[in-house]
Each structure stands twice: as structure tokens, then as C-alpha cells.
Amino acid sequence: MATHFSAGALRRPRPRPHLWLALLLGGLLAGLGASPLSAQKGKALPAEDKTLSPYFVVLTDDPTTDALPLKSTRAEVRIAGTVAAVKVTQVYRNQGKKTLEAIYVFPGSTRAAVHALRMTVGGRVVEARIMERRQARETYEQAKREGKTASLLEQQRPNVFQMNLANILPGDEIKVELDYLELLEPQEQIYEFVFPTVVGPRYSNLKAKDAPESEKWVQNPYLREGEGPPYTFGLKVNVNSGLPLVKLASPSHEVDTKFASPTSAEVTLKDEKTGGNRDFVLRYSLAGNKIETGLLLYPGQDENFFLLMLEPPARVEAQAVVPREYIFIVDVSGSMHGFPLDITRALMEEIIKGLRPTDFMNVLLFESGNAVLSDAGSLPATDANKEQAIAFIKARPGGGGTEIMPAFKRALALPRTPNTSRIVVVATDGYVRVEPELFNLIRKNLGEANLFPFGIGASVNRHLIEGMARAGLGEPFVLLNAAEARREAARFKKYIDQPVLNHIKVSFSGFGAYEVEPEAVPDLFALRPITVMGKYRGSPGGTIVVTGKTAAGDFRQEVKVADGKAGPDNAGLRLLWARKRIARLTDQSFLEKGEGPLTKEITGLGLRYSLMTQYTSFVAVDQVKRADGTVVTVKQPLPLPQGVSGRAVGEMDGGFAPGAGKMLAPPPLASYYGGRVSSRIPAGESTEITTGKKEEKGKLSLRILETAIKGAVDQAAVETALEGALPKLETCVREAAARKVKLPPEIVLTFTIGPDGRITGQPLLKTPGSGPALGNCLQEKLKGLTFPKPAQGAATVTVKLAVQGG
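Structural notes, computed from the coordinates. (Residues numbered from 1 in each chain as written. Predicted model: local features only at pLDDT ≥ 70, side-chain atom pairs only at ≥ 80, totals over all residues. Heavy atoms only, no water.)

## Description of the sheet that holds strand β16 (residues 245-249)
Okay, so step 1: With respect to topology, three strands assemble into an open sheet ordered β13-β19-β16, the strand pairing being antiparallel. Sheet topology places β13 (191-195) and β16 at the edges, where each strand pairs with a single neighbour. Within the sheet, the average angular offset between the axes of one strand and its neighbour, ignoring direction, is 15 degrees.
Okay, so step 2: Note that β13 and strand β19 (residues 280-286) share five bridges and pair antiparallel. Looking across to β19, one finds that Glu 192 is bridged to Arg 283. (Pairing = 2+ DSSP bridges. Helix = DSSP H or I, 4+ residues; strand = E, 2+ residues; numbered from the N terminus. Axes fitted to C-alpha atoms, helices over the stretch in contact; angles between N-to-C directions.)

Below is the structure:
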């Protein structure tokens with residue numbers, strides 16, 4: 001993901017000499033007011049060209065303004081059975097000389113039912129009220145003007161929140177606490193609690209002047225790559241279960257674990273200074289691979305609620321498996337550069353190598369543009385084609401924007417292979433702002449297929465990953481590191497080959513259930529409980545019946561409602577049910593124009609159950625007038641998530657991306673993968689690739705200029721094989737250069753692909769004036785290549801290569 005950067009004149013409490021950077025960017029922002037301390041640097045751009053994008057900050061030594069007011073954030077977590085109760089505490093302190101308004105964008109769990117907010121100012125505790133979003137904003141702005149300390153919590157996405165805190169006086173320390181509940185559902189007998197700590201930079205091609213207020217959070221400041229969080233992050237988790245805990249560990253952070261008993265443990269972070277740049281993940285199992293299941297009931301004053309978590313049937317291996325067609329959609333944008341793309345390559349290689357000979361496959365890579373392995377349709381999963389697909393994925397280093405919508409439109413429109421079951425596999429960090437549009441695109445265009453998204457990295461956009469899985473009737477995966485690639489690839493294969501339960505239906509006999517969530521239970525690929533929640537009328541009685549089909553035959557299980565556990569301890573069910581319903585409606589409501597029925601229903605649920613939604617916000621106002629209403633607004637800069645390159649914000653190789661204020665727009669992937677004049681680059685245009693990095697002087701490389709094929713063989717697949725072979729051919733050119741051989745500007749190769757996909761006879765080469773050694777080397781490298789088998793007879797290929805560099 002590559003976007004424009006901007007620089008704000010911001011201060012750390014400790015001196016940091018960044019004046020050289022300020023000079024480079026053209027000077028610091030002069031004049032402070034109620035607007036954020038940020039300004040575009042470098043060459044000014046017309047307003048119509050500026051995109052709504054994240055930017056880098058410049059930190060100065062100005063002692064009057066504390067630009068990093070957030071000093072600490074801490075989470076206290078209590079897990080009891082299947083419910084996690086979380087209290088998040090943020091501490092703000094103004095160490096400058098001017099009154100501040102602080103804006104902090106932070107992540108939350110995709111399943112969080114945020115139900116309370118309170119603010120502590122000088123010993124006074126102010127409980128927040130839930131209001132319609134517009135009313136809450138107006139209440140906050142009025143308090144800010146009147147010099148009253150106020151806090152406003154808004155939801156920008158189901159997993160992205162924004163805290164505004166007004167009138168923080170010099171010397172003030174203000175504490176803000178928010179509470180949420182979350183339902184934990186185990187997969188493969190493993191429970192997982194995730195606490196996100198940082199919002200990754202979101203790619204946007206939306207023009208800033210056209211952006212609605214609800215999208216302006218995207219334009220957030222970031223620290224540079226390698227800089228740690230400017231605030232501390234603390235966390236304590238207490239886990240209590242009815243069965244002994246086993247395999248309790250965090251794959252993301254170093255932790256201290258203390259067991260009070262076999263069924264109870266306390267987990268804390270070892271290091272609170274550096275852990276705030278990645279998701280905290282805690283995993284554990286219960287003795288005997290058991291899971292918490294059963295029926296919970298909450299008879300309330302006005303409404304009654306229930307939650308059923310039913311243990312799934314055992315996984316049964318299918319006797320007959322139909323051929324499958326796999327479409328791999330892989331994000332190779334700037335934010336995927338380095339560590340995330342390394343994980344992706346390892347994952348894709350594991351999955352592709354595991355495809356069966358009866359399967360078919362195709363690959364689409366995307367960043368600012370996109371490229372397809374085979375435009376003509378999917379290729380058979382032969383060993384040769386698998387190698388080509390893997391080489392195709394490995395060829396791109398990561399750069400450019402994250403144009404995910406055009407990529408999906410193209411991928412979902414690819415020709416389908418008859419008599420196969422289509423599986424779409426997506427790999428991305430999810431750093432985009434078009435989640436609702438993408439969900440809608442998937443629902444409308446996926447057809448008879450299933451989509452399995454893989455979130456790649458230490459702090460992915462889980463809302464996008466999980467939402468794609470819901471829209472695509474699949475299962476979401478998240479890989480924190482490359483070591484998880486083999487395990488997750490095997491889990492994916494198991495889900496595909498051996499689904500647990502499908503055609504699931506839930507019915508009620510003698511039990512007055514209504515407003516049940518989900519409306520339809522999706523097929524169960526993972527070994528996780530069947531979860532149903534809703535309301536009920538009257539006294540609890542009768543049965544809940546769950547039916548479905550497994551590879552072994554029909555499945556049916558009845559649950560007697562009278563056996564359910566009822567009591568006031570289950571009061572959280574009302575919030576969890578409302579959150580579940582809001583989540584389903586939210587996926588659809590973003591595309592609703594104006595205040596439609598979905599918007600009104602979500603708003604009503606938020607107000608009735610005191611829950612944060614995109615249409616309801618929490619606001620707390622201290623009624624003591626403490627200032628004159630003049631504030632300096634600062635946006636709290638965020639660290640880049642662990643492993644995410646500066647290219648996510650526009651930084652290229654330690655310097656700044658060219659074109660400050662504009663989204664990077666490298667040429668389409670198609671030109672990167674070969675630059676064919678005939679099909680990829682319009683006549684008369686340069687084939688030079690602009691990546692923001694100058695070609696290393698003296699380093700020779702080859703680029704495909706043209707290909708011509710005579711015979712019945714897929715041209716795209718042949719070109720892909722050649723592109724994958726370029727590094728081998730380049731060794732010949734570099735060895736010749738080392739021997740002081742005069743290299744031609746172009747090399748022409750002609751060879752014949754036989755019926756088995758291998759080169760027959762001796763390749764013909766034109767390397768004018770370079771002597772026989774170079775030609776012999778190139779011939780030997782070519783002979784080892786494997787191409788797709790011609791549909792009929794043999795095929796002759798002529799390819800023209802450009803010699804570059806030197």
C-alpha cells in the first residue's frame with residue numbers, strides 16, 4: 001500500500017532533533033489554532049489532487065505543545081467460560097504549556113460489545129452517555145467551546161474507534177476507561193483471545209476534498225518504520241474455566257503466567273514499552289480437548305435471552321472429493337513489502353504444492369494494478385504449472401497502492417473451469433477503507449463458490465478478513481509469522497477436504513424463540529461450536545433441534561431447554577445478542593443511502609442496549625469550566641505495526657516516496673512482469689519501471705520486450721515461465737560482463753516446446769558481437785525450463801529480451 005505523506009510539526013516530551021527532516025520537507029507549520037498540527041510539505045498540490053491518506057509526522061523540540069499526549073494504555077481482561085470482559089484504560093497527560101484537544105485512533109476487537117465509558121478529571125468521575133452520533137458530536141463540540149473537559153468515543157469501523165479528548169490543561173492527567181464484552185468461540189478445541197493494539201495505515205484513493213466526515217480518520221499520522229510506540233501498553237488477563245487449562249501461551253508477546261489453580265491463571269506482559277505495535281494473542285485449550293458448551297438463559301425484566309453453543313460432530317473424511325478450481329488473489333502492495341510478503345509466499349507455496357493433479361488453479365496479484373497468471377482460464381495443477389504459479393508470486397517485491405476492488409472484479413470474472421468446485425483464496429493485510437463495498441462485491445459476484453481469506457501480519461484488519469469470510473461463506477485465517485504457514489495451510493486443506501457440517505438448520509419445538517442470530521447458520525468448515533443466540537417469550541421449555549449433513553450422513557441433535565443454566569450472571573447475553581445483530585446489519589448498512597431501515601434499526605439497538613455502533617457514540621462532559629475554549633488539536637501519532645514497511649505510508653528505501661501529497665502510482669503489474677509491447681504496454685510508451693528506487697549502478701538485468709508464439713499453447717503461462725526464469729538467465733549476462741564481453745542491447749531467443757512441455761532441440765539465439773560463451777550459457781539455462789503442454793503437437797516461441805543496467 002503506498003499513499004502520500006504529510007508532515008506535522010509535533011513534539012515528543014524528550015528532545016529529538018528532526019530539524020534536518022523539517023528543512024527537507026520545506027519548513028515547519030507556522031501558527032497554531034484549533035486545527036490539527038499537520039500540513040503538507042514539499043511541492044504544494046492542488047486541493048483536487050490530494051488523497052485522503054495517512055502521513056508521516058515530523059517531531060520538533062517546541063516546548064509549548066505536547067504532541068504525544070497519550071502516555072499509557074492498559075487492558076484488564078477477565079475470561080470466564082466463553083465470555084471475556086475487558087476494561088481498557090487510556091491515560092493522557094499534557095506536559096506542554098498550551099491547552100490541548102487530543103485525537104487518538106485505536107483498534108478494538110471485531111466482536112467487542114462496547115457498553116460503557118467513563119472519564120476521570122482531577123478526582124471527578126464522569127459517566128458517559130450514549131447518544132446518536134450527530135448529537136454526541138454536537139454535545140462534545142459545545143463543551144469544547146465552553147472550556148469544559150469532555151471526551152467523545154466514536155466508531156469508525158467495527159474494529160476502529162476514535163477518542164477525542166478536549167480541554168486537557170497544562171499539567172493535567174486525564175484517565176478514560178471503556179468496557180466491552182466479547183464471546184470466545186474455540187476452533188479445533190483451541191480458544192483464542194485477541195487484543196489489537198494499533199490501527200494499520202489504510203490505503204485510500206478517495207480525494208480529501210470529497211471525503212465525508214466518517215472517513216477522515218484515515219488521514220492519521222504515523223511514526224517512521226522502526227520507531228516504537230510513544231506510550232506504554234500494559235495488559236493482564238485472568239482466565240477461569242470449569243476444566244483444567246492446558247497449552248496456555250501467547251504467540252505474539254513474551255508473558256509471565258501464574259496459575260492460581262489448574263482451572264485459573266493470570267497472564268501479564270513482560271515488557272510494557274514495546275508491545276503496543278502488534279495484536280496481543282492468547283491461546284489455550286482445556287484438558288481432554290473439551291470445549292465449553294451448553295445452553296445459557298437470561299430471564300430479564302423486559303426481555304429474555306438465550307445462547308446455545310453446541311459441540312460439532314467429529315470430522316469425517318469424505319469418500320469422494322470433486323475436482324476443485326482454486327483462484328488465488330494475492331496482495332503485493334507496499335504495506336505487504338518484506339515480512340508480510342515473506343509470510344504470504346511461504347503460505348502460497350504450501351497450499352499450491354498440496355493441490356491434487358485433478359485440481360485447477362489461477363493466480364491474480366494486485367497492488368496499484370493487477371496481473372493474472374492465465375487470462376485464458378485456470379491451469380491444471382501439474383508440477384510444472386505449480387512451479388510457475390509459485391515463481392509468479394515470488395517475483396514481486398511489494399510496492400504500490402492497494403487497489404483491491406478492481407482486483408476482485410477481475411478475479412471473480414475469470415473463466416470458470418467446468419465440472420469443478422471453485423475455491424477463492426485471498427492473502428492480504430486488509431489495509432483498505434472499502435470494506436462494505438468489497439463485501440457487497442463478493443456477495444453479488446462470487447456465485448457457487450466459497451472464499452477463504454488469510455490475514456497476513458502482526459496487526460491485520462480483522463474486520464475485512466472476517467467480513468470477507470462471512471460474505472464468501474468461508475472461514476477466516478490470520479498468520480502472525482512465517483512459522484505458521486505450514487500449519488495454517490494444512491488446516492485450510494482439512495477444512496476444504498473434510499467440512500464438518502453443512503446444510504445446517506435450527507428449529508424450535510415448544511420454545512418461544514424469536515429474533516434469532518444468525519438468521520441462517522453457515523456451513524461449518526472448522527471444528528468449532530454451532531452458536532445460536534436470540535430472545536424467547538414465556539417460560540423456558542421445549543427443545544432446540546439442530547440438523548445438518550456430514551460426510552457420514554445426516555446429523556441431528558436435540559437440546560432440552562429445561563436443562564439450560566439460567567440466572568442473573570448471564571446478564572451479558574443481552575449485550576452479546578445485540579452486538580451479534582448489529583454486526584450482521586452493519587455489513588449491509590454501509591451501502592444504504594440516507595437513513596434507511598437498517599440505519600434506523602442499528603441506531604435503535606445502540607441506544608436501547610447502550611452499545612457503540614457507527615451511528616451511536618459515547619460522550620462524557622465534566623461540567624466544571626476549566627479553560628477559555630482555545631485549544632491546540634493534536635492527532636496522536638501511531639507506530640507502524642510490527643513488520644510493516646514504511647512503504648505503507650509512502651516511504652521507499654529509507655527516503656521519501658516521490659510526489660509528496662499524491663498516492664504512489666507505479667506502472668501496472670503487467671508491465672512489471674515482462675513489459676510486452678504487444679499486449680501490456682501501449683506503443684510509444686516507455687517500458688521503464690518507476691519504483692521510487694534508482695537502478696543499482698552496475699547491476700545488469702533482463703526484461704522481456706516481446707513474445708511471439710506459433711502453436712496451441714497458453715501465451716500467458718509461457719510468459720510467466722519465462723519471467724520466472726529471468727534470474728537464471730541474468731547470471732549468464734553478468735558472468736559475460738565480468739569477462740569484459742561486449743553485451744548487445746537486445747537478445748532474441750527462439751525455441752520449440754514439445755508435447756511434454758519441455759524444450760526440444762537446440763534453442764536458437766541472436767547475441768550479436770558477444771561471442772559463443774554467452775549463447776551457450778543461455779541455451780543450458782533454457783533447457784531446464786518446463787512449460788505448459790501444447791494442446792496439439794509442438795509450439796514455437798520467440799522472445800526478445802532487453803539488457804539493462806551496467
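Next comes the rest of the write-up.
## What to know about the state of the cysteines
Okay, so step 1: According to the stated counting rule, one finds one disulfide in the structure shown.
Okay, so step 2: A sulfur-sulfur separation of 2.0 Å characterises the disulfide bridge that pairs Cys 732 with Cys 777. Here the S-S torsion is close to -75 degrees, and the disulfide linking Cys 732 with Cys 777 is therefore left-handed. Here Cys 777 lies in helix α13 (residues 772-783) and Cys 732 lies in helix α12 (residues 715-738), a separation of 45 residues in the sequence.
Okay, so step 3: A relative accessible area of 1% means that Cys 732 is categorised as buried.
Okay, so step 4: The exposure class assigned to Cys 777 is buried, which follows from its relative accessible area of 17%. (Disulfide = S-S within 2.5 Å. Buried < 20%, exposed > 50% of the residue type's maximum accessible area, 1.4 Å probe, protein only.)

## What to know about the packing of helix α9 (residues 573-589) against helix α10 (residues 597-609)
Okay, so step 1: One way to put it is that α9 packs onto α10 with a least axis distance of 10 Å and a crossing angle of 160 degrees. Relative to α10, α9 is oriented roughly antiparallel. Of the two possible hands of crossing, α9 and α10 adopt the one that is left-handed. Along its contact with α9, which presents Arg 574, Leu 575, Trp 577, Ala 578, Arg 581, Ile 582, Leu 585, Thr 586, Gln 588 and Ser 589, the element α10 presents Leu 598, Glu 601, Ile 602, Leu 605, Gly 606, Arg 608 and Tyr 609. (Parallel < 35°, antiparallel > 145°, perpendicular 65-115°, else oblique. Left-handed = near helix turned anticlockwise from the far one by under 90°. Contact = heavy atoms within 4.5 Å.)

## Quick word on the side chain of Ser 378
Okay, so step 1: Inspection of the secondary structure puts Ser 378 in the loop between β24 (370-372) and β25 (379-380).
Okay, so step 2: For Ser 378, a relative accessible area of 14% gives the class buried.
Okay, so step 3: Not counting residues up to four positions away in its chain, the partners in contact with Ser 378 are Glu 325, Ile 327, Phe 360, Met 361, Asn 362 and Thr 417.

## A look at the environment of Ala 449
Okay, so step 1: When you line up the elements, Ala 449 lands in strand β27 (residues 449-456).
Okay, so step 2: Assessed through its relative accessible area of 8%, Ala 449 is described here as buried.
Okay, so step 3: Through-space distance from the C-alpha of Ala 449 to that of Gly 474 is 9.1 Å; in sequence the pair is 25 residues apart.
Okay, so step 4: In contact with Ala 449, not counting residues within four places along its chain, are Arg 416, Arg 422 and Gly 472.

## Here's the deal with the pattern of salt bridges
Okay, so step 1: On inspection of all chains with the given rule, the structure shows 54 salt bridges.
Okay, so step 2: With a closest N to O distance of 3.0 Å, Arg 356 and Asp 359 form a salt bridge.
Okay, so step 3: Residue Asp 359 is classed as buried on the basis of its relative accessible area, which comes to 1%.
Okay, so step 4: Taking the shortest distance from any N to any O, the salt bridge between Glu 367 and Arg 396 comes out at 2.5 Å. Placement of the pair is Glu 367 in the loop between β23 (360-366) and β24 and Arg 396 in the loop between α4 (383-394) and α5 (404-412), with a sequence separation of 29 residues. Exposure class is identical for Glu 367 and Arg 396. Each is buried. (Salt bridge = Lys/Arg side-chain N within 4 Å of Asp/Glu carboxyl O.)

That is the geometry; function is a separate question.
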